[in-house]
Amino acid sequence: MDRLKAMQTFVQIAEQGSLTKAADVQGSSLPAVVRSLAALEAHLGVRLFHRTTRRISLTSEGRSYLQSAREVLAAADAADRALSLDAAEPTGQLTVTAPVLFGHMYVSPAIVRFLQRYDKMRCTVLLHDRSVNLLEEGIDVGIRISALDDSSLVAQQLGSVRRVVVASPDYLRRHGRPRHPRELLAANCVRIYPTTIGPWRFRDEGRAIAVPTQGNLEFNHIAPAVEACAAGLGFGNFFSYQVLPMVAQQRLEIVLEDFEPPPRPVSVIYPHARLLPARTRAFIDWMKQEFSGLRL
């Protein structure tokens with residue numbers, strides 16, 4: 001039995017949730033995948049999956065072994081990569097996803113510089129303000145502004161962004177500068193569907209608080225909501241990078257800074273312990289360098 005190959009097959013089954021899908025991903029046959037799994041289970045002396053005619057799921061032993069297998073495969077890949085000439089000059093196609101505005105302002109310029117450095121690379125950039133499933137949609141790398149809740153992915157933090165409340169100087173002159181988040185209860189708030197339709201989150205002396213908001217204008221995109229706030233319509237709740245240009249132009253002012261929730265991580269994410277090509281590793285390293293210490 002080729003133990004590394006068997007581990008690869010096991011990890012693919014766990015990530016795909018199906019013997020058939022694992023066979024498709026590996027370009028192998030279903031019987032070969034079944035034999036590989038059976039041989040690995042016989043070698044280990046435990047069952048790694050619960051199997052029925054309809055579904056397959058990890059046993060407790062399988063969940064424990066999955067992390068170890070991923071670490072072994074990653075170490076083997078690193079050893080191979082250290083001797084690979086391809087690592088010095090990555091080539092091929094890479095698909096990257098990022099949030100729309102952050103991608104436009106920060107990720108896309110970084111990718112342009114990456115391609116200027118590695119001119120044999122090709123990149124497809126997909127900008128979405130939704131949670132993208134990398135494995136299902138065939139995406140190599142993502143940039144995400146949130147904590148990672150998918151165990152099939154790895155996240156390496158690049159920096160962080162704040163969640164801020166802003167209003168125009170004119171609105172603040174007319175209605176006053178709030179001293180506590182609860183003063184937003186009586187204010188007009190420009191809201192974004194679905195991100196800030198519900199209560200706005202703050203911290204008051206270390207305690208998380210939620211303040212319900214109301215307003216006469218809602219959007220499903222960030223840019224017009226920022227413009228509406230700059231025009232003096234009311235308060236808005238945005239990620240810091242989304243309003244920094246307006247703040248610099250003095251069209252918006254940040255308020256309630258002492259009550260901001262903890263910063264959100266900005267991370268580069270990619271499939272867990274997959275044998276990553278040199279081009280993917282090079283891109284991850286590039287983004288870590290580009291965004292090192294990012295605090296917005």
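Structural notes, computed from the coordinates. As the structure is a prediction and not an experimental result, all values here were calculated from the model.

## Comments concerning the sheet that holds strand 12 (residues 235–239)
Then step 1. Ordered in space as 11-8-12-7-13, the 5 strands form an open sheet in which the pairing is mixed. The sheet terminates laterally at strand 11 (217–219) and strand 13 (253–255), the two strands that pair on one side only. Pairs of neighbouring strands in the sheet enclose a mean axial angle of 40°, with direction left out of account.
Then step 2. Bridge count between strand 8 (residues 189–192) and strand 12: 2 bridges; the pairing is parallel. Counterpart to Val 190 in the pairing with strand 12 is Gly 236.
Then step 3. Its contacts with the sheet place helix 8 (residues 222–230) against strand 8, strand 11 and strand 12, and it is angled at close to 140° to strand 12.

## Remarks on the environment of Trp 200
Then step 1. Secondary-structure assignment places Trp 200 in strand 9 (residues 200–204).
Then step 2. A C-alpha to C-alpha distance of 12 Å links Trp 200 and Leu 256, two positions 56 residues apart in sequence.
Then step 3. Once residues within four sequence positions are removed from consideration, Trp 200 is found in contact with Val 165, Leu 184, Cys 189, Val 190, Arg 191, Ile 209, Ala 210, Val 211, Thr 213, Phe 235, Gly 236 and Asn 237.
Then step 4. Within the structure, Trp 200 has its side chain in polar contact with the backbone oxygen of Thr 196 (distance 3.0 Å).

## Considerations on the sheet that holds strand 6 (residues 153–161)
The pairing of strands in a sheet happens through backbone hydrogen bonds and is either parallel or antiparallel.
Then step 1. Within the open sheet, the 6 strands sit side by side as 4-3-5-14-6-15. Their pairing is mixed. A single partner strand is all that each edge strand has here, and the edge strands are strand 4 (121–127) and strand 15 (294–295).
Then step 2. Relative to strand 14 (residues 264–271), strand 5 (residues 141–145) runs antiparallel, the two being bridged by 4 bridges. Note on strand 14: the bridge partner recorded for Ile 145 is Val 266.
Then step 3. Its contacts with the sheet put helix 5 (residues 100–117) on strand 3 (92–98), strand 4, strand 5, strand 14 and strand 15, and the angle it makes with strand 4 is roughly 180°.

## Describing the layout of surface pockets
Then step 1. Approximately 860 Å³ is the volume attributed to the largest pocket.
Then step 2. Asp 129, Ile 145, Thr 195, Phe 239 and Arg 264 are, among the 38 residues lining the largest pocket, the residues nearest its centre.
Then step 3. At the level of elements, strand 3, helix 5, strand 5, strand 9, strand 12, helix 9 (240–248) and strand 14 are the ones that each hand at least two residues to the lining of the largest pocket.
Then step 4. Classifying every residue of the lining of the largest pocket by side-chain character gives 20 nonpolar, 11 polar and 7 charged.

## Here we look at the nonpolar core
Then step 1. One finds Phe 102, Val 107, Ile 143, Phe 283, Met 287 and Phe 291 to be the most contacted residues of the largest nonpolar core, which totals 30 residues.
Then step 2. Among the secondary structure elements, those contributing two or more residues to this core are strand 3, helix 5, strand 5, strand 6, strand 14 and helix 10 (278–290).
Then step 3. For Met 287, the contacting residues outside a window of four places in its chain are Val 107, Ala 110, Ile 143 and Leu 158.
Then step 4. Core analysis: the second largest hydrophobic core is formed by 19 residues, Val 11, Leu 19, Leu 37 and Leu 66 among them.

## Digging into the state of the cysteines
Then step 1. Across all of its chains, the model carries 0 disulfides by this definition.
Then step 2. Between Cys 189, a cysteine without a disulfide, and Cys 229, which holds the nearest cysteine sulfur, the sulfur-to-sulfur distance is 8.5 Å.
Then step 3. The class for Cys 229 is buried, based on a relative accessible area of 0%.

## What to know about helix 10
Then step 1. Taking 1.5 Å per residue, 13 residues should reach 18 Å; helix 10 reaches 18 Å between its end C-alpha atoms and fits that length.
Then step 2. The complete set of buried residues in helix 10 reads Ala 278, Thr 280, Arg 281, Ala 282, Phe 283, Ile 284, Trp 286 and Met 287.

## Topic: the packing of helix 2 (residues 19–26) against helix 3 (residues 30–44)
Then step 1. Their axes nearest at 9 Å, the elements helix 2 and helix 3 cross at an angle of 110°. Relative to helix 3, the element helix 2 lies roughly perpendicular. Across from Leu 19, Thr 20, Ala 23 and Gln 26 in helix 2, the residues of helix 3 making contact are Leu 30, Val 33, Val 34 and Leu 37.
Then step 2. For the contact of helix 2 with helix 3, a count of residues per class yields 6 nonpolar, 2 polar and no charged.

## With respect to the pairing of strand 8
Then step 1. Burial along strand 8 is two-sided: Cys 189 and Arg 191 and Val 190 and Ile 192, pointing in opposite directions, are all buried.
Then step 2. Pairing between strand 8 and strand 11: 3 bridges, direction parallel. The partner of Val 190 across the bridge, within strand 11, is Leu 217.

How each quantity is defined
- Residues numbered from 1 in each chain as written.
- Predicted model: local features only at pLDDT ≥ 70, side-chain atom pairs only at ≥ 80, totals over all residues.
- Heavy atoms only, no water.
- Pairing = 2+ DSSP bridges.
- Helix = DSSP H or I, 4+ residues; strand = E, 2+ residues; numbered from the N terminus.
- Axes fitted to C-alpha atoms, helices over the stretch in contact; angles between N-to-C directions.
- Contact = heavy atoms within 4.5 Å.
- Polar contact = N/O pair within 3.5 Å; in protein donor to acceptor, adjacent residues only side chain to side chain.
- 1 Å grid on protein atoms, 1.4 Å probe; cavity = no way out; pocket = protein on both sides within 12 Å on 5 of 7 lines; lining within 4 Å.
- Points joined across faces, edges and corners; volume = space filled by probe spheres on them.
- Nonpolar A, V, L, I, M, F, W, Y, C, P; charged D, E, K, R; others polar.
- Core = buried A, V, L, I, M, F, W, Y, C linked by side-chain atoms within 4.5 Å.
- Buried < 20%, exposed > 50% of the residue type's maximum accessible area, 1.4 Å probe, protein only.
- Disulfide = S-S within 2.5 Å.
- Expected span 1.5 Å × (residues − 1).
- Parallel < 35°, antiparallel > 145°, perpendicular 65-115°, else oblique.

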